[in-house]
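Observations on the three-dimensional arrangement
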Amino acid sequence: MQYKPLSQADPEVHQCIVDELSRQRNGLEMIPSESYASPAVLRAMGSIFTNKYSEGYPRKRYYGGQVNTDKLETIAIERAKKIFKVDHVNVQPYSGSPANLAVYFALCKPGDTIMGMDLKQGGHLTHGCKVNFSAKYYKSVPYGVGKNGYIDFNQVRAIAKREKPKLIWAGATAYPREYDFKAFAEIAKEVGAFFAADIAHIIGLIISGVHNSPVGYADVITSTTHKTLRGPRAGMILCNGNASEPLKPTPEITKENIPTLIDKAIFPGLQGGPHEHTIAGIAVALKEAQTNEFVESNRMIIKTCKIIAEELLEDGFNLITGGTDNHLILMDVTNKNITGQEAETALEKINISVNKNAVPNDPRPPFSPSGIRLGTPCLAMRGMAEQEAKIIGKCISETLRNTNNSQIIEKNQKIVNELCLKFPIYSGREVE
Ligand SMILES: Cc1ncc(COP(=O)(O)O)c(C=O)c1O
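Throughout what follows, the structure given in this document is the object of discussion. Small disclaimer: the values here were computed from a predicted structure and weren't measured.

**What about unusual backbone geometry?**
Cis peptide bonds are those with omega within 30 degrees of zero, and the linkage from F267 to P268 qualifies with 10°. With respect to the helices and strands, the residue P268 is situated in helix α10 (residues 258–270). Residue R230 is not a glycine yet carries a positive backbone phi of 65°. The topology assignment puts R230 in the loop between β9 (220–224) and β10 (235–239). Since its relative accessible area comes to 10%, R230 is described here as buried.

Dropping the structure here:
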């Protein structure tokens, strides 16, 4: 069989890829949940492992021809085990939400009470938001943040004691501070709940030692692999203990059985064949995560984020919690007489992507919230450092204070364009 290159086989799809590459090269990506997968990760994902069915787990498959998939999946698992110093890893979740779904499926029965951070206060959909399965099939009793924007552990403890949840989540999608995993673990222990840490956003920071790790505190840890890990769009679940061999048919829901329960929840509970091509990408990302370059870049993610926060604070912006400890800033822009949507649109004009976002206790509706969420993973991954962060902070501030001034928009657009040229991403031809 003779194959044509994508540009000839499907010019329309090829053009979409070319245009997206150009958009990514020529703008500053400041959506904190995004990152750049390396050409090596992209190459592994786009490999012939996409052809292979491998239901089951290494050495326990339901299909033949597994010599290479077993080797590959084991490499990914062993790398994650080594990095996090945990006993058991499942690399098959199709993404972060299915990984979280597997935790519910493994540890809870329908109707059980579960507790996570309120979406409106920064939590994730899958932690008990009322429109999500996690609140439709379980009783969700969310916790939030205090007046200062920090997680209010008195509130978390009071709700946990009153509601006696089966499962408590730590982790969020718009929380600019470090998590006190120890405090969550203590509360979970007090009320006899399982404690799950969702480190989707901060996994790279944890690997790099610039953010607390939940290992040793959480009963189970979930993550995406496409945010600060810079891997393919997928998920991962980590825990301690070992899965039974063979997987017991109906293990009791106990801490000792968590590895078996998780594996059974993923397959055959929720998923069929694992995406081995994606697992190939995860393996490569985990190898890259063990380099000094990865660690240094994660350090710079936090450094640059703090610098941008300082610039914005100096100009009177209202940052939730008054700053940041991590890779993101959550900012209420209404004191500048604009909405989150208007801020997002104004920054798009200067080729900076951020997302509109609700702020804690937001009086505005979800489609037009009061804030924006912005972050620095992609800036640091392009090699930008303190000096560039200062420039970008000023650009953002000036643009948001002058959303109707075309001269200022034009000036800042030029600055952003120059930065993109000076710090190129995907500059070779390997991703074209
Ligand atoms: C904390 C957290 N958990 C889980 C997810 C879900 O990941 P996915 O979008 O891959 O389903 C996200 C995504 O934004 C997240 O921020």
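**With respect to the pattern of salt bridges**
Following the criterion strictly, the structure yields 22 salt bridges and no others. The salt bridge partner of R23 is E29, with a shortest N-O separation of 3.6 Å. Judged by relative accessible area, which is 40%, R23 ranks as partly exposed. With its nearest N and O atoms 3.0 Å apart, the salt bridge here joins K255 to D219. Pair noted here: K255 is in the loop between β10 and α10 and D219 is in the loop between α9 (203–207) and β9, with a separation of 36 residues, a long-range link. Where salt bridges share partners, they join R61, D70, E73 and E276 into one cluster.

**As for the nonpolar core**
If you look at the biggest cluster of nonpolar residues, it comprises 63 residues, and the most contacted ones within it are F84, I151, I168, F195, I199 and M236. No other element matches the 6 residues that helix α8 (residues 181–191) contributes to this core. Sequence-distant contacts of I168, that is, excluding residues within four places in its chain, are made with M115, A160, F184, I187, A188, V191, A193, F194, F195 and A196. Counting residues in hydrophobic clusters, the runner-up holds 33 residues, among them A343, V354, L379 and M384.

**Some details on the pairing of β10**
The element β10 is largely enclosed, with a buried count of 5 among its 5 residues. A two-sided burial pattern is seen for β10, the buried positions comprising G235, I237 and C239 on one face and M236 and L238 on the other. Examined bridge by bridge, strand β4 (residues 88–90) and β10 share 3 bridges and lie antiparallel to one another. Each residue of the ladder has a partner; that of V89, found in β10, is L238. Pairing of β9 with β10 involves 5 bridges; the strand directions are antiparallel. Note that in β10 the partner of V220 across the bridge is C239.

**Some thoughts on the site of the ligand**
Close contacts around the ligand come from 13 residues, with S95, S97, T173, D198 and K227 the closest. Within the side chain of H201, one N or O atom sits 3.3 Å away from an oxygen atom of the ligand. Coverage of the ligand by the protein amounts to 84% of the 390 Å² it exposes when considered alone. Element by element, the count of residues in the shell around the ligand is highest for helix α5 (residues 96–107), at 3 residues.

**Section: the sheet that holds strand β5 (residues 113–115)**
Ordered in space as β4-β10-β9-β8-β7-β5-β6, the 7 strands form an open sheet in which the pairing is mixed. The open sheet has two edge strands with one neighbour each: β4 and β6 (139–140). The pairing of strand β8 (residues 194–198) with β9 spans 3 bridges and is parallel. Its bridge partner being in β9, A197 is matched across the sheet by I221. Each of β4, β8, β9 and β10 touches α10; the most contacted strand, β4, lies at about 10° to it.

Calculation notes
Residues numbered from 1 in each chain as written. Predicted model: local features only at pLDDT ≥ 70, side-chain atom pairs only at ≥ 80, totals over all residues. Heavy atoms only, no water. Helix = DSSP H or I, 4+ residues; strand = E, 2+ residues; numbered from the N terminus. Buried < 20%, exposed > 50% of the residue type's maximum accessible area, 1.4 Å probe, protein only. Salt bridge = Lys/Arg side-chain N within 4 Å of Asp/Glu carboxyl O. Core = buried A, V, L, I, M, F, W, Y, C linked by side-chain atoms within 4.5 Å. Contact = heavy atoms within 4.5 Å. Pairing = 2+ DSSP bridges. Near = heavy atom within 4 Å. Polar contact = N/O pair within 3.5 Å; in protein donor to acceptor, adjacent residues only side chain to side chain. Areas by Shrake-Rupley, 256 points an atom, 1.4 Å probe, with all protein chains shown as cover. Axes fitted to C-alpha atoms, helices over the stretch in contact; angles between N-to-C directions.

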